[in-house]
Amino acid sequence: MKVSNCMTTDVQITDPEHTLRDVASMMGRLDAGVLPVGENDRLVGMITDRDIAIRGVAEGKGPDAKVRDVMSTDVKYCFDDEDIEDVLHNMGDLQVRRLPVLNRSKRLVGIISLGDLAMKGETMETGKALSGISQRGGAHSQTAH
């Protein structure tokens, strides 16, 4: 199965100059824990609810702090025409639960999560990826900002 068969296509993008308050409100409306960050028609980062809590609030940044101050800039992604098994393996190795999905022109076309994959019947491979993701530390640890 290809990523395009499983991904969520209705993805909202935020701007690095938006405030944490704006993004938290947007996440609440969307019932989402992550938003891609775009600037000048390019994906420049990702921000999660955990980024807001750990890199924002815990470090004393207020609700008017900018997304740029807490987002992750080392964005890992996958392509919409990749095989699910390869992406799941990669997610486990990278220790990420979600990946933005780009087309081959490097335009954002969706986002894929472990939940999307589990719902589409990829439970065994999803479990293996979750096992890798759940290891402590790694490049995407909140302290590795």
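Scroll up to find the structure.
Below: a short report on this structure. Owing to the predicted nature of the structure, the values given are computational and were not obtained by experimental measurement.

### Regarding the overall build of the protein
Line of reasoning, step 1. When you go through the protein residue by residue, the secondary structure sums to five helices and five strands.
Line of reasoning, step 2. Across the protein, helices and strands are ordered from the amino to the carboxyl terminus as α-β-β-α-β-α-β-β-α-α.
Line of reasoning, step 3. Scored against the burial criterion, the 145 residues of the protein give a buried share of 39%.
Line of reasoning, step 4. Long-range pairs, those at least 24 residues apart, make up 62% of the contacts in the protein between residues at least 6 apart in sequence.
Line of reasoning, step 5. Accessible surface computed for the protein: about 7,900 Å², of which carbon and sulfur atoms make up 47%.

### Things to note about the environment of D83
Line of reasoning, step 1. With respect to the element layout, D83 can be found in the loop between strand 3 (78-79) and helix 3 (84-94).
Line of reasoning, step 2. Each C-alpha atom, one on D83 and one on V3, is 6.2 Å from the other, the two residues being 80 residues apart in sequence.

### Thoughts on the sheet that holds strand 4 (residues 98-102)
Hydrogen bonds between backbone groups are what pair the strands of a sheet, and the pairing can be parallel or antiparallel.
Line of reasoning, step 1. If you walk across this open sheet you meet the three strands as 3-4-5, and the pairing is mixed. Both outer strands of the open sheet, strand 3 and strand 5 (108-113), are each paired with one neighbouring strand and no more.
Line of reasoning, step 2. Looking at chain direction, strand 3 and strand 4 are connected through two bridges and run parallel. Looking across to strand 4, one finds that F79 is bridged to L102.

### Thoughts on the pairing of strand 5
Line of reasoning, step 1. Pairing geometry for strand 4 and strand 5, over five bridges, is antiparallel. Counted as the bridge partner of P100 is I111 from strand 5.
Line of reasoning, step 2. Counted between consecutive antiparallel strands, the loop separating strand 4 from strand 5 contains five residues, among which K106 sits at a positive phi close to 60°.

### Points about the pattern of salt bridges
Between side chains of opposite charge, a pair can form as their charged atoms come close.
Line of reasoning, step 1. Using the criterion set out here, one finds nine salt bridges in the structure.
Line of reasoning, step 2. The salt bridge involving R21 is made with D64; its shortest N-O contact spans 2.6 Å. Placement of the pair is R21 in helix 1 (residues 20-30) and D64 in the loop between helix 2 (49-56) and strand 3, with a sequence separation of 43 residues.
Line of reasoning, step 3. The exposure class of R21 is partly exposed, given its relative accessible area of 45%.
Line of reasoning, step 4. D64 sits in the exposed class, given a relative accessible area of 51%.
Line of reasoning, step 5. Across the pair R104 and D81 runs a salt bridge, and its minimum N-O distance is 2.9 Å. Of this pair, R104 sits in the loop between strand 4 and strand 5 while D81 sits in the loop between strand 3 and helix 3; the two residues are 23 residues apart in sequence, bridging distant segments of the chain.
Line of reasoning, step 6. With relative accessibility at 53%, the residue R104 sits in the exposed group.
Line of reasoning, step 7. For D81, a relative accessible area of 36% gives the class partly exposed.

The rules behind the values
Residues numbered from 1 in each chain as written. Predicted model: local features only at pLDDT ≥ 70, side-chain atom pairs only at ≥ 80, totals over all residues. Heavy atoms only, no water. Helix = DSSP H or I, 4+ residues; strand = E, 2+ residues; numbered from the N terminus. Buried < 20%, exposed > 50% of the residue type's maximum accessible area, 1.4 Å probe, protein only. Contact = heavy atoms within 4.5 Å. Areas by Shrake-Rupley, 256 points an atom, 1.4 Å probe, with all protein chains shown as cover. Pairing = 2+ DSSP bridges. Salt bridge = Lys/Arg side-chain N within 4 Å of Asp/Glu carboxyl O.

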